[in-house]
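Spelled out, the chains give:
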Amino acid sequence: MNCVYTGTQYALDKQVNVDTYNTGLNFRLTIVPMAYTNFEMIENRPYTDKDVQRDKELKEWAYKLDSTKGEIPVKMLSDKLYQWTNNRMQDAQEDDSQIDEDLLKRCAWHGINYAIPFIVSRHWDQMTLDNGRWKPGAGFKLDKTDWKLCQLIVNAQFAFQRFFVGPVAEKFYDNQAINQTSSHKHHSRTKQAYMNLPDIFTMDDVIRCFSLNSPGSGCSRLKRLQDDGLAEKIRSGENKGKYRKLT
């Protein structure tokens, strides 16, 4: 059953804890933090015609999506999510992080499953009717915007997993005596290496900051930084040919 639940940290701790870590429940949940209200209340206002129209449109989309059938052609997203997971898994290996390896295993499924309804809605003009049901037409094709949405979701899921489930995983592996250093928090080696890069950097900076031993390793690391939206090549100006950090 899929549902949306608003709860407290205490309620979450009852579901996600050291005893349930091996059940996989931790990785099936998408846990999103709620913003602080700062003791402010939502404005008390009348239900307007705009509200009526908004709710009507939401209801229409619910019926449209419920009446779809067939297979959504998402190979592009599947390939990119595979590469995203592979990049993160290489980071986990370099950091010797069993925790990140665990937390990564279901992120891609969250990314694609949450993105698909929005993607289908966005490409509705490429859907066709077939015996009263909607299905992707021959021209249904995903683009970079679809991937950006999916990438946003998968990055958020991984970050939330680390925040909410990471401490549970630390306790679990500490109790199992598998990871003796997991009980204290620190920057991962890959994150620290990225932080050490200058804002404008070269391949030599990548090799130096990430402690790599060959230009080939530097090229692989640089490609991963670009794939993840963390760096871009400078195409003009005095720094042409160098690279720029994006976060």
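Coordinates for the structure precede this section.
Residues numbered from 1 in each chain as written. Predicted model: local features only at pLDDT ≥ 70, side-chain atom pairs only at ≥ 80, totals over all residues. Heavy atoms only, no water.

**Some details on the nonpolar core**
Residues Y21, L77, L81, W84 and V165 are the most contacted members of the largest nonpolar core, which totals 35 residues. At the level of elements, α4 (75-95), α5 (98-104), α6 (107-122), α7 (144-164) and α8 (166-175) are the ones that each hand at least two residues to this core. Of all the elements, α6 adds the most residues to this core, at 7 residues. In this view, W84 contacts L104, C107, W147, V154, N155, F158 and D228; residues no more than four positions away in its chain are not counted. L197, C209, L222 and Y243 belong to the second largest nonpolar core, which has 11 residues in total. (Core = buried A, V, L, I, M, F, W, Y, C linked by side-chain atoms within 4.5 Å. Buried < 20%, exposed > 50% of the residue type's maximum accessible area, 1.4 Å probe, protein only. Helix = DSSP H or I, 4+ residues; strand = E, 2+ residues; numbered from the N terminus. Contact = heavy atoms within 4.5 Å.)

**Digging into the side chain of D205**
Within the secondary structure, D205 sits in helix α10 (residues 203-209). Sequence-distant contacts of D205, that is, excluding residues within four places in its chain, are made with L197, P198 and I200.

**Quick look at the packing of α4 against α7**
It is the contact of α4 with α7, at a shortest axis distance of 11 Å, that shows an interaxial angle of 35 degrees. Crossing handedness for the pair α4 and α7: right-handed. Packed against α4, whose contacting residues are M76, L77, K80, L81, W84 and R88, the element α7 presents D146, W147, C150, V154, N155 and F158 at the interface. Here the contact of α4 with α7 is built from residues that sort into 8 nonpolar, 1 polar and 3 charged. (Axes fitted to C-alpha atoms, helices over the stretch in contact; angles between N-to-C directions. Left-handed = near helix turned anticlockwise from the far one by under 90°. Nonpolar A, V, L, I, M, F, W, Y, C, P; charged D, E, K, R; others polar.)

**Comments concerning the packing of aromatic side chains**
Two aromatic rings, taken as a pair, are described by how far apart their centres are and by the angle between their planes. Counted by the stated rule, this structure contains 9 aromatic pairs. Each ring, one from Y21 and one from F27, has its centre 5.6 Å from the other, and the planes form 80 degrees; the classification is edge-to-face. Given a relative accessible area of 13%, F27 falls into the buried group. Between the aromatic rings of W84 and F158, the centroid separation amounts to 6.0 Å while the plane-to-plane angle is 85 degrees, which identifies the pairing as edge-to-face. (Phe/Tyr/Trp six-rings, centres within 6.5 Å; stacked < 30°, edge-to-face > 60°.)

**Side note on the sheet that holds strand β5 (residues 243-245)**
Spatial strand order, β3-β5-β4: 3 strands in an open sheet with antiparallel pairing. The open sheet terminates on both sides in strands that have one partner only, identified here as β3 (200-201) and β4 (231-233). Relative to β5, β3 is paired through 2 bridges, and the arrangement is antiparallel. Directly across from F201, in β5, lies its bridge partner Y243. Docked against the sheet, helix α11 (residues 215-227) engages β3, β4 and β5, running at close to 105 degrees with respect to β4. (Pairing = 2+ DSSP bridges.)

**A closer look at unusual backbone geometry**
Of note in this structure, N38 is not a glycine but carries a positive phi near 55 degrees. With respect to the secondary-structure elements, N38 resides in the loop between α2 (25-28) and α3 (49-66). Relative accessible area serves as the criterion here: at 56%, N38 is assigned to the exposed category. For S211, which is not glycine, the phi torsion reads 55 degrees and is therefore positive. Within the secondary structure, S211 is located in the loop between α10 and α11. Accessibility expressed as a relative area gives 65% for S211, which makes it exposed.

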